[in-house]
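Tertiary structure, described
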Amino acid sequence: MLVQLAFSGMQTRGNIMKSILLASASIVAFTIAGAAAAEVSFGGEVTLGFNDDDDDVNDDADGFYFDGNIAVTLSQELGAGLTAAATFDFDFVNVASENGVADTSGLGLDLEAGGFLLSLTSETAGLFFGDTSFAAEDYWSGVGEMANDSFSEADGEVVLKGTGTFGTVSAGVSYVIADVDGNLVGDDPTVDGSLDQMSVGATAEFGQFTVGMAYQAESDATAGGSYDPTANGDFNTDEVFGIFAGTTLAGADLSFAYANNLTIEEDSFGVGVSYPIGPVTLGATYASNSDVPDVYELSIAYAQGPFTIAGEYQDDTDDATDAVEFSVDATYAAFEGVTILAGFNGGDGNLKANGDEGLDYYIGAQASLGEGATLTISFAEDEDDSEEDEIGAPEFQEGTTIEIGFTF
């Protein structure tokens, strides 16, 4: 039924486009009409830190750094169970100027728009316009290292999306209106229409089983056009379809998924299982890929009292490739509000500049200072210069970092 729903939606694309455009106009109208009596809330985040690493790798910051964000949300209940809302956020950016060229190494400040989102929602449905995720991205649940479930992931595009819940079925459909740089699909003369890459997703509950599907159409973007969705590195222009299912049997969580990249005609199938034994959870996944080697993963996690530890091991089935990857991450709640973090990762692909196998590792502490304030002190080493400012599970910066953050 879900597959038929997706493909019938593609056949009536013209009608859907007209309906959604009318509905998006109603979002703006409702929002403006209720603005005078709207509830207004403010929120924000501020981070100040110092990092002593000054190598040539593109990491988050060298020396002192500062960034912040402020968000304004307006909301209004319209009656009949509907709520209109608008959120706008702005980023404080480090900007220094040298010979008229802006860079991000100083502590000068600039203010730039971070994004916006308009919405019209009820308990069972929603219509969204702005910086939001794609429908397939919301609903898809892959298993393991499937190579061909490459659904696009939004990162600042202007998106038009509708969602709804019908009993135990939840579904959504979305379109791209503009790329991450704000270039409208409709302003590109090489693209036919004002919407790009329809994205559909759905899930349903049937007793102990969860099933779902996802589909995205091939993008209409053309090389050299003003609309360029590939400016987002996580945007895939291909047509992709997938189905998945999950259940619990004798205490074990089982998951299955199949995805087909219809543009390149390659597919993947994944199966996974996890089983808890007291404070320990064992897991395994296997992904069969038609175009690249199959990949298997083994995992173990332990959580009891103040300790957590998680380990993963990954390899493929091709003896000719060097594909081993492993990682270990641990935390310890030393006392109230203070957590110690440590871990390492490596593998065949983690090589130093001289060709020797390297090891990335980190150790740090995070302390809650109360009322939304957090202090972080960390040291991290990225021996193959591959992780930049995202080393280990906490995504620490390379070198020694002292950082304080505030949430308002």
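Residues numbered from 1 in each chain as written. Predicted model: local features only at pLDDT ≥ 70, side-chain atom pairs only at ≥ 80, totals over all residues. Heavy atoms only, no water.

What follows covers the overall build of the protein. When helices and strands are tallied, the protein shows three helices and 22 strands. Within the span of the protein, comprising 408 residues, buried residues form 36% of the whole. Taking contacts inside the protein between residues at least 6 apart in sequence as the whole, the part at least 24 apart equals 49%. Just so you have it, the protein exposes about 21,300 Å², and 56% of that area is on carbon and sulfur atoms. (Helix = DSSP H or I, 4+ residues; strand = E, 2+ residues; numbered from the N terminus. Buried < 20%, exposed > 50% of the residue type's maximum accessible area, 1.4 Å probe, protein only. Contact = heavy atoms within 4.5 Å. Areas by Shrake-Rupley, 256 points an atom, 1.4 Å probe, with all protein chains shown as cover.)

Our next topic: the packing of aromatic side chains. Each aromatic ring pair is characterised by the separation of its centres together with the angle its planes make. The final tally for this structure, using the stated rule, is nine aromatic pairs. Taken together, a centroid distance of 5.7 Å and an interplanar angle of 75° make the contact between Y362 and F396 edge-to-face. Within this pair, whereas Y362 is found in strand β20 (residues 357–370), its partner F396 is found in the loop between β21 (373–381) and β22 (399–407), the two being separated by 34 residues in sequence. Take Y362: its relative accessible area is 4%, and that puts it in the buried class. Exposure remark for F396: the relative accessible area of 5% places this residue in the buried category. (Phe/Tyr/Trp six-rings, centres within 6.5 Å; stacked < 30°, edge-to-face > 60°.)

It is worth spelling out the side chain of T132 at this point. Position of T132 among the secondary structure elements: in the loop between β7 (125–130) and α3 (135–139). Taking the relative accessible area as the measure of exposure, T132 reaches 13% and is therefore buried. Separated by 3.4 Å, the side chains of T132 and K161 make a polar contact. Once residues lying within four places of it in the same chain are set aside, the contact partners of T132 are L117, A154, E157, V159 and K161. (Polar contact = N/O pair within 3.5 Å; in protein donor to acceptor, adjacent residues only side chain to side chain.)

Opposite charge on two side chains allows them to pair when their charged atoms are near. On inspection of all chains with the given rule, the structure shows one salt bridge. Of the charged contacts, one joins K161 and D138 as a salt bridge, the two residues approaching to 2.8 Å between their closest N and O atoms. Taken as a pair, K161 in strand β8 (residues 158–166) and D138 in helix α3 lie far apart in primary sequence, 23 residues in all. (Salt bridge = Lys/Arg side-chain N within 4 Å of Asp/Glu carboxyl O.)

For the protein, the average pLDDT comes to 85, and 84% of its residues sit at 70 or higher. In the model, residues 1–36 has pLDDT below 50 throughout and makes 41 contacts with residues more than four positions away in sequence or in other chains. Between residues 96–105, whose pLDDT stays under 50, and residues either more than four places distant or in other chains, the model counts 10 contacts. (pLDDT = per-residue confidence, 0-100.)

Here strand β19 (residues 338–351) pairs with β20 via 10 bridges, running antiparallel. Residue pairing across strands places L341 opposite G364, the latter belonging to β20. The sheet contact formed by β20 and β21 spans nine bridges and is antiparallel. Paired with A367 across the two strands is L375, which belongs to β21. The hairpin formed by β20 and β21 contains two residues between the paired strands, and E371 there has a positive phi angle of roughly 55°. (Pairing = 2+ DSSP bridges.)

Another point: the nonpolar core. Ranked by internal contacts, the top residues of the largest apolar core, which has 15 residues, are I177, M198, M213 and Y215. Elements represented by at least two residues in this core include exactly β8, β9 (169–178), β10 (196–206) and β11 (209–216). Per element, the largest residue contribution to this core is four residues, and it comes from β9. Core analysis: the next-biggest nonpolar cluster, separate from the first, contains 11 residues, M146, V240, A257 and A287 among them. (Core = buried A, V, L, I, M, F, W, Y, C linked by side-chain atoms within 4.5 Å.)

Attention now moves to unusual backbone geometry. Here the phi dihedral of A250 falls at roughly 50°; this positive angle occurs in a residue that is not glycine. By the secondary structure assignment, A250 is in the loop between β12 (240–249) and β13 (252–261). When its relative accessible area of 71% is taken as the criterion, A250 is described as exposed.

Turning our attention to a negative patch on the surface. There is a patch of like negative charges on the surface, built from D131, E153, D155 and D234. Secondary-structure assignment places E153 in the loop between α3 and β8. (Patch = residues over 30% accessible without salt bridge, like charges linked within 9 Å, V, L, I, M, F, W, Y side chains within 5 Å. Lys, Arg positive; Asp, Glu negative; His and termini not counted. Charge placed at Lys NZ, Arg CZ, Asp CG, Glu CD.)

Glancing now at a nonpolar patch on the surface. Taken together, the side chains of Y302, F307, I309, Y332, I340, F344, L359, Y361, I363 and F379 present a nonpolar region at the surface, about 820 Å² in accessible area. Among the elements of the structure, β17 (307–316), β19 and β20 are those that each provide at least two residues to the nonpolar patch. Here the nonpolar patch takes three residues from β20, the largest share from any one element.

Below, the discussion takes up the environment of D131. Take D131: it is sitting in the loop between β7 and α3. Note: C-alpha distance between D131 and G115 (16 residues apart in sequence) is 6.0 Å. Leaving out residues up to four positions away in the same chain, D131 has contacts with G114, G115, F116, L117, G156 and E157.

Here we come to the side chain of N345. Inspection of the secondary structure assignment puts N345 in strand β19. A residue is classified by how much of its surface remains accessible, and N345, at 16% relative accessible area, is buried. Beyond its immediate stretch of four places on either side in the chain, N345 contacts F326, S327, N350, L359, D360, E387 and G392.

Along the chain, L118 falls in strand β6 (residues 109–121). Owing to a relative accessible area of 12%, L118 belongs among the buried residues under this scheme. In the structure, L118 is positioned 32 residues away from A86 in sequence and 4.4 Å away in space, judged by C-alpha atoms.

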